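# Notes for the structure review
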Amino acid sequence: MALYFPKHITEYKLAKDLFTRGKDIIVSSEIQELKGYTQHGTTSVFEHCVSVAKFSLLFAYAIERRFPGFEIDKTSLVRGALLHDYFLYDWHESDPSHRLHGFTHPGTALRNAEKDFELNEIERDIICKHMFPLTIVPPRFRESVIVCLADKWCALCETFKIDVSAYLIYRVNYHLALENGDLTIRHGRDEVEQIPA
Ligand SMILES: [Fe+2]
Ligand SMILES: [Fe+2]
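### Some words on the overall build of the chain
Secondary structure assignment for the chain yields nine helices and two strands. Secondary structure elements of the chain, listed N to C terminal, follow the sequence α-α-α-α-α-α-α-α-α-β-β. Since a compact globule built from 197 residues should have a radius of gyration of about 16 Å, the 16 Å found for the chain is in line with a globular shape. A principal-axis box enclosing the C-alpha atoms of the chain has dimensions of 45 × 45 × 35 Å.

Here is the structure:
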């Protein structure tokens, strides 16, 4: 039983889809803070979350295509994926409170996300179950299972420095710059690029 990615969905279209579905989160100044924290290798937490949202969307389109009638709430999927690591600290810094990061950060991310955004039940489940099976309670929704798998795939690629989302991340930052109207793409805390007028 083959599951293949629809060829007509390009990185360009995915970036637009992702930005539209997660716009309120991506344009918030709070989520931009994630550009200042490293997740795996040289990937920031922001880039990781966008990459997980991309693969979650891709998996969702592939599943819906393979199993017509099996619907996935793609907006909750993207919003949950964007916020799944919203823990807002550098887990590489040696600090006693970071020792159990793998187990505790889904709860921290959920508390932060609930403070800053309005979440539905699916989005809350995506965030707090994404580390399954490390955290023992399994995902409750199909969307949470998809993000859980996409997260592991992205973590693997980032750890081995396999670039799978650079163009899409660039496009998301491009949409953000256009939305802000300042034509400045902010890749990281200090790394900025001007969009040619
Ligand atoms: Fe995580
Ligand atoms: Fe993650």
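There's more to say after this.
### Quick look at the nonpolar core
Formed by 42 residues in total, the largest nonpolar core has its most connected members in Cys49, Ala53, Ala81 and Leu82. Sorting elements by how many residues they give to this core places helix α4 (residues 45-66) first, with ten residues. Excluding its chain neighbours within four sequence positions, the residues that come into contact with Ala81 are Cys49, Val52, Ala53, Ser56, Ile126, Val147 and Ala150.

### Some points on helix α6 (residues 101-116)
In this model, α6 (16 residues) spans 21 Å end to end at C-alpha, consistent with the 22 Å of a helix rising 1.5 Å per residue. Within α6 the residues assigned to the buried category are His105, Pro106, Ala109, Leu110 and Ala113. The buried residues of α6 occupy an angular sector of 135 degrees when projected down its axis, which confines them to one face. Exposed residues on α6 whose side chains face more than 90 degrees from its buried face are Phe103 and Lys115. Along its buried surface, α6 packs onto α5 (74-83) and α7 (121-129).

### So, helix α8 (residues 142-159)
The end-to-end C-alpha separation of α8 is 26 Å, in line with the 26 Å expected for 18 residues at 1.5 Å each. The complete set of buried residues in α8 reads Glu143, Ser144, Ile146, Val147, Cys148, Ala150, Asp151, Cys154 and Glu158. Where α8 ends, the next residue or the one after it, Lys161, has phi of about 55 degrees, a positive value.

### A word on the environment of Gly41
Mapped onto the secondary structure, Gly41 falls in the loop between α3 (29-32) and α4. It is 22 Å that separates the C-alpha atoms of Gly41 and Ile26, two residues lying 15 residues apart in sequence.

Thresholds, definitions, all that
Residues numbered from 1 in each chain as written. Chains lettered and ligands numbered in written order. Predicted model: local features only at pLDDT ≥ 70, side-chain atom pairs only at ≥ 80, totals over all residues. Helix = DSSP H or I, 4+ residues; strand = E, 2+ residues; numbered from the N terminus. Rg over C-alpha atoms; globule rule 2.2 N^0.38 Å. Core = buried A, V, L, I, M, F, W, Y, C linked by C-beta atoms within 7 Å. Buried ≥ 20, exposed ≤ 12 C-beta atoms within 10 Å, placed from the backbone. Contact = placed C-beta atoms within 7 Å. Expected span 1.5 Å × (residues − 1). Arc of directions from axis to C-beta.

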